[in-house]
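Structural description and commentary
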Amino acid sequence: MSLKARRTMIAYSFLTIPLLFFLCIRIFPTVYAFSMSFSPQYGGSFTLENYVKLWHDQVFWKSVWNTCKYVFITVPVQMAIGLLIAIAIERVRHFRWIYRMIYFLPYITSIVAVSWVWRLMFDPNVGFLNEFIGWFGIPPQNWLSDPKESLFCVCTVMIWQSMGFSMLIFMAGLKAVPKQYIEAAQMDGAGTWKWFWKITFPLLNPTIVFLAVTGVIQSLQTFTQIQNLTAGSGSSAGGPLNSTISIVVYMYKNAFQDFNMQYASAVAVVLFIIILLVTLLQLKILNRNFDY
Amino acid sequence: MKKRRIKGSELIIHLCLFAGVTIVAFPFLWMILSSFKSLSDFYSFSFFPHEIDLSAYKYIFHETGFLTWYMNSIIIAAVVTLSCLIFNSLIGYTLAKYKFPGVKVIFILILSTLMIPTEMLVIPWYVMGSKVNIIDSYSGIMFPGLIEAFGVFLMRQFMLGIPDDLLDAARIDGMSEFKIWWRVAIPQVKPALSALGIITFLGNWNAYLWPVIAVSSDNMRTLPVGISLFATGDGGGIQWNTIMGMSTLAVVPMMVVFLIFQRRIVEGISLTGVKG
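Residues numbered from 1 in each chain as written. Chains lettered and ligands numbered in written order. Predicted model: local features only at pLDDT ≥ 70, side-chain atom pairs only at ≥ 80, totals over all residues. Heavy atoms only, no water.

Here's the deal with the interface of chain A and chain B
Contacts between chain A and chain B engage 87 residues on the former and 89 residues on the latter. At the boundary of chain A with chain B, total buried surface from both sides reaches about 8,100 Å², with 80% on carbon and sulfur atoms. When the buried surface of chain A facing chain B is broken down by residue, F14, I108 and W116 of chain A rank first, second and third, together holding 9% of it. Across the chain A-chain B interface, the total number found is 1 salt bridge. For E10 of chain B, the salt bridge is made with R93 of chain A, and the minimal N-O distance between the two is 2.7 Å. (Contact = heavy atoms within 4.5 Å. Buried area = accessible area lost by both parts, 1.4 Å probe. Salt bridge = Lys/Arg side-chain N within 4 Å of Asp/Glu carboxyl O.)

Written out as structure tokens, the structure is:
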């Protein structure tokens, strides 16, 4: 056997199990999800009824609209706060690692656990927040039980947890800004503000794109926070009045509470298409060259 | 004069940063303090417990399966992480260092699975798992994560950096191909491997969506699933002190681990983050 053939054989022997895995656990289920979404709930052949039903389903559109809100509120805010903290930490000389550590802490802790901690803080009767705003003479709020406020409460928890990640990535990005640019700008007498907008900000472009894309994809998939902040004790996930329901929560409820897996698959396929579009957009932007 | 002005502005930044730290750390403080309160303490506001009440912890250890959940989480996260490290590095190595027909197709095939969200796969996984009867078991919870496309990608990128001469030298010495991967290639990518290990472990430790679907019996729950299901109902009404006790026990050890390996973890996450 030639050397080339031998090495090809070795390569394929290394790859057999992994390839089988990807085919059975990733590719096949994807096809399966699509085919389920075109099947009626109680057996039968190809049908579009799930998608027709979806089109007329108010709760589904509510979940899409809410998911958009999650994306457009949490992503810019967590990035802005992350950038602010990163710049502030860059500018001090002491306690840097302590700051970095504490700001990053929420990101590594369990979403379920911290969601319950926040749920306690939001609780209208025993929570800390009503007590706190009371000190400033603000009347108590219903927070998570008020349909007008609940979505913002969920957003707060999401931002609180992920801004540390933005900070970390921005700190890495700021380190990569060439020092001579900063020195040159300082020699030219550019003020801090001008220096930031003209030099640092454009150089952070790749970091910003990366954080925006990962942030968008992550908030499109929001589930755990909503489930743990709103479900239980008599209310159902995504409440009150579906004010916090997201696409994934709606899919979960259809599949595992109403056991309509086919309809839930249609919801999942829509989510997949949205995420695919975001990913393709990302590839397009990232392939554009950034000039240093 | 100039130096003092800089110091002044630095002080202001410190003050702002410190204010932020208070906001970020407060929920954790509140969680720990609340876990030492008695249930009636919750209805008369105070920062600190009126007296330290350990009933929440007694309840957790005696009346719930908390320790079992903890063990489940450790076992599942450890096995999945180990499997990911072995397979991802082997695939990454093969794709980076072997030239054979089909290598590009396989690489693109694996990469393309990155675009498939877990959320879409959980329903087929559940149906498939039920058919082969592994739902509600360790293997049922673990199987989707055993190999992971992002890790393959990351490993391939790092394996590309290993000089071919090094591998050829090992071949001349008569090492088997499998041994070359294990003995020569792996030591070269240790930092990337430890970074990958950390994020894989963290991700599985905190995983919720698939475990909550795949688990139905109490003694199969992972930590997040256990806390969530206990809190939303099977504890009978919301027992805030017990829930906060469970959260404390879940979060504080992670914080200690994070403190010890702070540098590694931060480097790992920014490394894999920027690379991804």
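A closer look at empty space enclosed by the protein
Space left empty within the atom packing is revealed by a probe, the size of a water molecule, rolled over the atoms. Evaluation of the coordinates by the stated rule reveals 1 cavity of 30 Å³ or more. Within this model, the largest cavity holds a volume of roughly 30 Å³. Lining the largest cavity, in full, are S110 of chain A together with W205, N206, L223, P224, I227 and A250 of chain B. The set of elements that each furnish at least two residues to the lining of the largest cavity consists of α10 (190-206) and α12 (223-234) of chain B. Counting residues per element, the lining of the largest cavity draws most heavily on α12 of chain B, at 3 residues. Across the lining of the largest cavity, the residue classes break down as 5 nonpolar, 2 polar and no charged. (1 Å grid on protein atoms, 1.4 Å probe; cavity = no way out; pocket = protein on both sides within 12 Å on 5 of 7 lines; lining within 4 Å. Points joined across faces, edges and corners; volume = space filled by probe spheres on them. Helix = DSSP H or I, 4+ residues; strand = E, 2+ residues; numbered from the N terminus. Nonpolar A, V, L, I, M, F, W, Y, C, P; charged D, E, K, R; others polar.)

Focus: the packing of helix α7 (residues 149-159) of chain B against α10 of chain B
All names here are of chain B. Across the interface, α7 lies against α10 with an axial gap of 10 Å and an inter-helix angle of 170 degrees. The orientation of α7 with respect to α10, classified from their angle, is roughly antiparallel. Taking contact as the criterion, the partners of F150, G151, L154, M155 and F158 in α7 are, on α10, A192, L193, L196 and I199. Considered class by class, the residues forming the contact of α7 with α10 number 8 nonpolar, 1 polar and no charged. (Axes fitted to C-alpha atoms, helices over the stretch in contact; angles between N-to-C directions. Parallel < 35°, antiparallel > 145°, perpendicular 65-115°, else oblique.)

Topic: the side chain of E149 of chain A
Residue and element names in this part refer to chain A. Within the secondary structure layout, E149 lies in the loop between α6 (128-134) and α7 (150-175). For the buried E149, no salt bridge is present, and the opposite-charge side chain at shortest range is K148, 7.8 Å distant. Engagement of the side chain of E149 in a polar contact is seen with the backbone nitrogen of W143, the distance being 2.9 Å. Beyond its immediate stretch of four places on either side in the chain, E149 contacts Q141, N142 and W143. (Buried < 20%, exposed > 50% of the residue type's maximum accessible area, 1.4 Å probe, protein only. Lys, Arg positive; Asp, Glu negative; His and termini not counted. Polar contact = N/O pair within 3.5 Å; in protein donor to acceptor, adjacent residues only side chain to side chain.)

Details of the pattern of salt bridges
Once their charged atoms are close, side chains differing in charge can pair, the charge on each being opposite to the other. Residues and elements named next belong to chain B. Evaluation of the coordinates by the stated rule reveals 5 salt bridges over all chains. Of the charged contacts, one joins D168 and R171 as a salt bridge, the two residues approaching to 3.0 Å between their closest N and O atoms. Remark: R171 and D168 occur in helix α8 (residues 164-172); sequence separation between them is 3 residues, near one turn of the helix. In this structure, R221 and D218 form a salt bridge, with 3.4 Å as the shortest nitrogen-oxygen distance. The class of R221 is buried, set by a relative accessible area of 8%. Using a relative accessible area of 37% as the deciding quantity, one classes D218 as partly exposed. Sharing partners across several salt bridges, the network here consists of D168, R171 and E177.

Some points on unusual backbone geometry
Leave glycine aside and you will find that most residues have negative phi; peptide bonds, for their part, are mostly trans. A positive phi angle, close to 45 degrees, is found at W143 of chain A, a residue other than glycine. The buried category is assigned to W143 of chain A, whose relative accessible area is 15%. A positive phi angle, close to 70 degrees, is found at D136 of chain B, a residue other than glycine. By the element assignment, D136 of chain B lies in the loop between α5 (118-131) and α6 (138-142).

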